[in-house]
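# Fold and contact review
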Amino acid sequence: MKYLPRLADKELAERLKYMGAVLIEGPKWCGKTTTAEQQAQSVIKLQNPDMREAYMVTANTKPTNLLKGAVPRLIDEWQDAPKIWDAVRSVIDERGGEPGQFILTGSNSVNDNEIMHSGTGRISRMRMLPMSLYESGESNGAISLQALFDNPSFDIDGITSELDINGLIQAACRGGWPAALRVAGTNVAFRIAKDYLDGVVNSDIINVDGVKRDSVVARAVLRSYARNLCTLAKRANLLKDVNGMSEGCSDKTFDDYVKALTRLFVIQDITAWSPAVRSASSIRRNPKRCLVDPSIAVAALGLSPQALEVDLKTFGFIFECMAIRDLRAYTQGSGGEMSYYHDRYDLEADAVLHLADGRYALIEFKLGSSEIEMSAKHLIEIKELVRKYNETEKQIKLREPDLLMVITGGQMAFTRPDGVKVVPLACLKD
């Protein structure tokens, strides 16, 4: 299959220009190795079954021997031999800090106590995600997210998406896994996410740190996350849910499983944005429960496109997860960060998208048009809260939001009279 360009391509190239090594982290099957190979001049894959034993012996005795080769040299799944990290850092120093020496890829994070040096100044970390709708060709990319930030008067009126609700359901069930695109349009594509889920709960959750864990509990944790996807479900409620599907999951055990799944980049919770516009006690602080790709939730719940077509309420949460994945992908090169706002008065923004330069957007996710009016009202009320706070605060001022946007599953983009942008998800790009 021909390589489909990724948003990470440009980011990787830029980082290689100024840093000795670049670490690409992200979930398995999201395309890290294939993307790295496009720019690598030599490759070593530590999980190669024919060479794995020899590589491990070398990594434990003289790891710098594995780093010899044309640069950038790709070391795939480097976390299998943590000594590689310090060896890379040492070789970069020996070569005078010359940029573009190595690319590392990893599908789980490594504990800091397994390495001697953080890599600061030598190794740049970048995150990679499953494919966004724009990368998979399902978003027409007619509306640039960056352009919306840069040009408030950017005219989006009348821009349309070719992807309807049923098309969005198909895309969410299939997920952003490159392997699924090879068989897109067939039932096989929907089994990729199920196989991914099986691999995580049966193998990866043990291999991440060598701790023996129960696949039944792991599956129950992910199923509970899927049932509470994109909500502020409390930890106690998740634990109760898990114990309803398995037995004997204590607080400590639950936390251990969530930590392991986070290290595997499967769970990606969203934290609260807590500006001091109201009393600190008024802001809800529970993390928003989220997974790296909507297809994991679909697989965990045993759903199908046909089931979701008649259950749009459930799909609304899955749609939000897909939209969050795409927004993360579109802003990964500009240091984008996601949070949410929700106070005890039920004033909320489903997402707050922060750029590295301080600009931010307040965003709501809605499948259809019936809820756009209320969503826009909420966004404007939050903006007004910030404005009023700045009027009374004499020292520290808060930046007002640069963009108010409702992302929908509809097919028509427009700007409301109040300035809120209404944008179909399948029209967006970076």
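These notes cover the structure that comes with them. Everything numeric in this text was worked out from a predicted model, so none of it was measured. (Residues numbered from 1 in each chain as written. Predicted model: local features only at pLDDT ≥ 70, side-chain atom pairs only at ≥ 80, totals over all residues. Heavy atoms only, no water.)

Once that is clear, we can look at the overall build of the chain. Per the secondary structure count, the chain includes 15 helices and 14 strands. Here the C-alpha radius of gyration of the chain, 22 Å, is about what a compact globule of 430 residues would show, namely 22 Å. Along the longest, intermediate and shortest principal axes, the C-alpha atoms of the chain span 65 × 50 × 45 Å. Relative to its full complement of 430 residues, the chain shows a buried share of 53%. (Helix = DSSP H or I, 4+ residues; strand = E, 2+ residues; numbered from the N terminus. Rg over C-alpha atoms; globule rule 2.2 N^0.38 Å. Buried < 20%, exposed > 50% of the residue type's maximum accessible area, 1.4 Å probe, protein only.)

Here the focus is the sheet that holds strand β8 (residues 337–342). Taken in spatial order, the seven strands make up an open sheet running β7-β8-β9-β10-β11-β13-β12, and their pairing is mixed. Every other strand in the sheet has two partners, leaving β7 (271–272) and β12 (414–415) as the edge strands with one partner each. One ladder, built from five bridges, connects β8 with strand β9 (residues 348–354); its direction is antiparallel. Note that in β9 the partner of His 342 across the bridge is Glu 348. Lying over the sheet, helix α14 (residues 312–331) contacts β8, β9, β10 (360–366) and β11 (403–408), oriented at roughly 150° with respect to β10. (Pairing = 2+ DSSP bridges. Contact = heavy atoms within 4.5 Å. Axes fitted to C-alpha atoms, helices over the stretch in contact; angles between N-to-C directions.)

Now for the environment of Thr 105. The residue Thr 105 is located in strand β4 (residues 102–106) in this model. The spacing of Thr 105 and Thr 415 is 310 residues in sequence and 41 Å in space, taken between C-alpha atoms. Once residues lying within four places of it in the same chain are set aside, the contact partners of Thr 105 are Leu 23, Ile 24, Lys 32, Thr 33, Ala 36, Leu 74, Ile 75, Asp 76, Glu 77, Trp 78 and Gln 79. Here the side chain of Thr 105 touches Asp 76 through a polar contact of 2.4 Å, side chain to side chain. (Polar contact = N/O pair within 3.5 Å; in protein donor to acceptor, adjacent residues only side chain to side chain.)

Further remarks concern the sheet that holds strand β2 (residues 42–45). Pairing is parallel in the open sheet, where five strands are placed in the order β2-β3-β4-β1-β5. The strands lining the two open edges of the sheet, one partner per strand, are β2 and β5 (123–127). Across the sheet, the axes of successive neighbouring strands diverge by a mean angle of 20°, strand direction being ignored. Pairing geometry for strand β1 (residues 21–25) and β5, over five bridges, is parallel.

Turning to helix α3 (residues 52–61), its buried residues number three or more, namely Tyr 55, Met 56 and Ala 59. The arc that holds every buried residue of α3, seen down its axis, measures 100°, which confines them to one face. Among the exposed residues of α3, those pointing more than 90 degrees away from its buried face are Glu 53 and Thr 61. Buried-residue contacts for α3 involve β2 and α4 (83–94). (Arc of directions from axis to C-beta.)

Another point: the environment of Ile 169. Within the secondary structure layout, Ile 169 lies in helix α6 (residues 165–174). Accessibility expressed as a relative area gives 0% for Ile 169, which makes it buried.

What the rule picks out here adds up to 30 salt bridges. Of the charged contacts, one joins Arg 289 and Asp 269 as a salt bridge, the two residues approaching to 3.4 Å between their closest N and O atoms. Residue Arg 289 is found in the loop between β7 and α12 (294–301), and its partner Asp 269 is found in the loop between α11 (251–263) and β7; the two are separated by 20 residues along the sequence. A salt bridge links Arg 387 to Glu 384; the nearest nitrogen and oxygen atoms lie 2.2 Å apart. You can see Arg 387 and its partner Glu 384 sitting in helix α15 (residues 372–392), three residues apart, about one turn around the helix. Taking the relative accessible area as the measure of exposure, Arg 387 reaches 28% and is therefore partly exposed. Judged by relative accessible area, Glu 384 falls into the partly exposed class, the value being 29%. Overlapping salt bridges, with partners in common, bring together Asp 209, Arg 213, Asp 256 and Arg 263 in one network. (Salt bridge = Lys/Arg side-chain N within 4 Å of Asp/Glu carboxyl O.)

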